[in-house]
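Examining the three-dimensional arrangement
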Amino acid sequence: MTTLSTPPPARGRAGSPAARRRRRTGSLLGLAAWLCGIAFFLPVAWMVLTSFHSETDAATNPPSVGAGISLHGYREFFGATGGGVSPWPPLVNSLTASVVSTLLVLLLAVPAAYALAIKPVRKWSDVLFFFLSTKMLPLVAGLLPVYLVAQNTGTLDSIWLLVILYTSMNLPIAVWMMRSFLAEVPVEMLEAASIDGAGLTTTLTRIVAPVAMPGIAATALISFIFSWNELLFARVLTGVVAGTAPVFLTGLVTSQGLFLAKVCAAATVISLPVLIAGFAAQDKLVQGLSLGAVK
């Protein structure tokens, strides 16, 4: 009689020890990711919750979680109680500088990335390194020369000065990102367009742009966030006319004290455009940032 021995479990099967270890590792990594996400979200949730408290409840130590809801901080921020400075000009300035600079970044980055990815120039890697090297200089190191140039040209406290600065600051990152996105465009589509007689403008707008739209959306969102959150140049180079929302937020810390409810309300309102843009483009952002990661 022949005795049949039970073969050992194959490596990688669902019930094998290796598969169980991978499942445990995946569960632990998922739990760690959730804990990290909650740790980053808790301060934001606490800020929003504090913004709906009165100044008395917000100043308690430890803070009162179950305090009553109050819109006093938002009324103070928007100047509804009288005597307050209107936040609308800084918000409009931030929106103008962020949107216009983002559009200029895309207008310049897409053709540059197309030349580096699809129509590669000579020593394109050196060109990319040059773009990256412009981000190695600390912003504070270039603050004094930029201030002197703005002073001599009469562009201090001008929103268009911020537009130019934000465009130059975000352009290197945008070119790097768009180059990796455009490298994924099928060459066959470009060859077919060339055979049909499509020019460069037609190829970029009708062939490249629809295919690379997730990457364009991701690049635009990151450029918008960087421009909206920028504080150093806006703080030094602007004043009453072109002050942005982050500069306005820092002005709420006065010698009279720190009013937590009002500051939290202001921070919540100023964070809303970035959060809305992120939620609106989250699918394209995830798709764009993961484009090219898996071959």
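Reference entry: report on the structure contained in this document. (Residues numbered from 1 in each chain as written. Predicted model: local features only at pLDDT ≥ 70, side-chain atom pairs only at ≥ 80, totals over all residues. Heavy atoms only, no water.)

Inside soluble globular proteins, nonpolar side chains tend to come together where they are buried. In terms of nonpolar packing, the biggest core is built from 29 residues, with Ile118, Val175, Met178, Leu182 and Val208 touching the most fellow members. Secondary structure elements with two or more residues in this core: helix H4 (88-117), helix H5 (124-133), helix H7 (159-182), helix H8 (187-195), helix H9 (200-211) and helix H10 (213-229). Ranked by the residues each element gives to this core, the list is headed by H4, at 8 residues. With residues near it in sequence (within four places) discarded, Leu182 still touches Val110, Ala113, Tyr114, Ala117, Ile118, Val208 and Ala212. If you look at the next biggest cluster of nonpolar residues, it comprises 15 residues, including Ala150, Leu165, Ala234 and Val247. (Core = buried A, V, L, I, M, F, W, Y, C linked by side-chain atoms within 4.5 Å. Buried < 20%, exposed > 50% of the residue type's maximum accessible area, 1.4 Å probe, protein only. Helix = DSSP H or I, 4+ residues; strand = E, 2+ residues; numbered from the N terminus. Contact = heavy atoms within 4.5 Å.)

Below, the discussion takes up H9. Between its first and last C-alpha, H9 extends 15 Å over 12 residues, near the 16 Å set by a 1.5 Å rise per residue. Within the sequence span of H9, burial applies to Thr203, Leu204, Ile207, Val208 and Ala209. (Expected span 1.5 Å × (residues − 1).)

Another aspect to go through is the side chain of Ser98. Relative to the helices and strands, Ser98 resides in helix H4. From its side chain, Ser98 meets the backbone nitrogen of Trp228 in a polar contact 3.3 Å long. With residues near it in sequence (within four places) discarded, Ser98 still touches Phe224, Ser227 and Trp228. (Polar contact = N/O pair within 3.5 Å; in protein donor to acceptor, adjacent residues only side chain to side chain.)

With that settled, the discussion passes to helix H13 (residues 260-280). Helical periodicity: at 3.6 residues per turn, an α-helix aligns residues three or four positions apart in one direction. If you check H13, its first and last C-alpha atoms are 29 Å apart, about what 21 residues at 1.5 Å a residue would give, namely 30 Å. Along H13, the largest kink reaches about 35° and is centred on Leu272; proline Pro273 follows within four residues of it. Taken together, the buried positions of H13 are occupied by Ala261, Lys262, Val263, Cys264, Ala265, Ala266, Ala267, Thr268, Val269, Ile270, Val274 and Gly278. (Bend = angle between axes of the 7 residues up to and from the residue.)

With that settled, consider the packing of aromatic side chains. Going through the model one piece at a time under the given rule, you end up with 5 aromatic pairs. Taking the centre distance of 4.9 Å and the plane angle of 70° together, the rings of Phe77 and Phe78 count as edge-to-face. On the accessibility criterion, Phe78 (30% relative accessible area) is partly exposed. For the ring pair Phe77 and Phe248, a centre distance of 5.8 Å and an interplane angle of 70° mean the geometry is edge-to-face. Linking Phe77 in helix H3 (residues 72-77) with Phe248 in helix H12 (residues 245-250), this pair joins segments that are 171 residues apart in sequence. Of the residues examined, Phe77 reaches a relative accessible area of 1% and is grouped as buried. A residue is classified by how much of its surface remains accessible, and Phe248, at 15% relative accessible area, is buried. Cluster of aromatic residues (ring-pair linked, three or more members): Phe77, Phe78, Trp88 and Phe248. (Phe/Tyr/Trp six-rings, centres within 6.5 Å; stacked < 30°, edge-to-face > 60°.)

Before going further, it helps to spend a moment on the packing of H7 against H10. Any two packed helices are characterised by the angle at which their axes cross and by the distance between the axes. Between H7 and H10, whose axes approach to 10 Å, the crossing angle comes to 155°. By the angle class used here, H7 and H10 are roughly antiparallel. As for how H7 packs across H10, the hand of that crossing is right-handed. On the side of H7, the interface is formed by Tyr166, Asn170, Ile173, Ala174, Met177, Met178 and Phe181, while H10 contributes Gly215, Ile216, Ala218, Thr219, Ile222, Ser223, Phe226 and Ser227. In the contact of H7 with H10, the residues fall into 10 nonpolar, 5 polar and no charged. (Axes fitted to C-alpha atoms, helices over the stretch in contact; angles between N-to-C directions. Parallel < 35°, antiparallel > 145°, perpendicular 65-115°, else oblique. Left-handed = near helix turned anticlockwise from the far one by under 90°. Nonpolar A, V, L, I, M, F, W, Y, C, P; charged D, E, K, R; others polar.)

In this model, Asp157 sits at a positive phi of 60°, which is unusual for a non-glycine residue. By the secondary structure assignment, Asp157 is in the loop between helix H6 (143-153) and H7. For Asp157, a relative accessible area of 22% translates into the label partly exposed.

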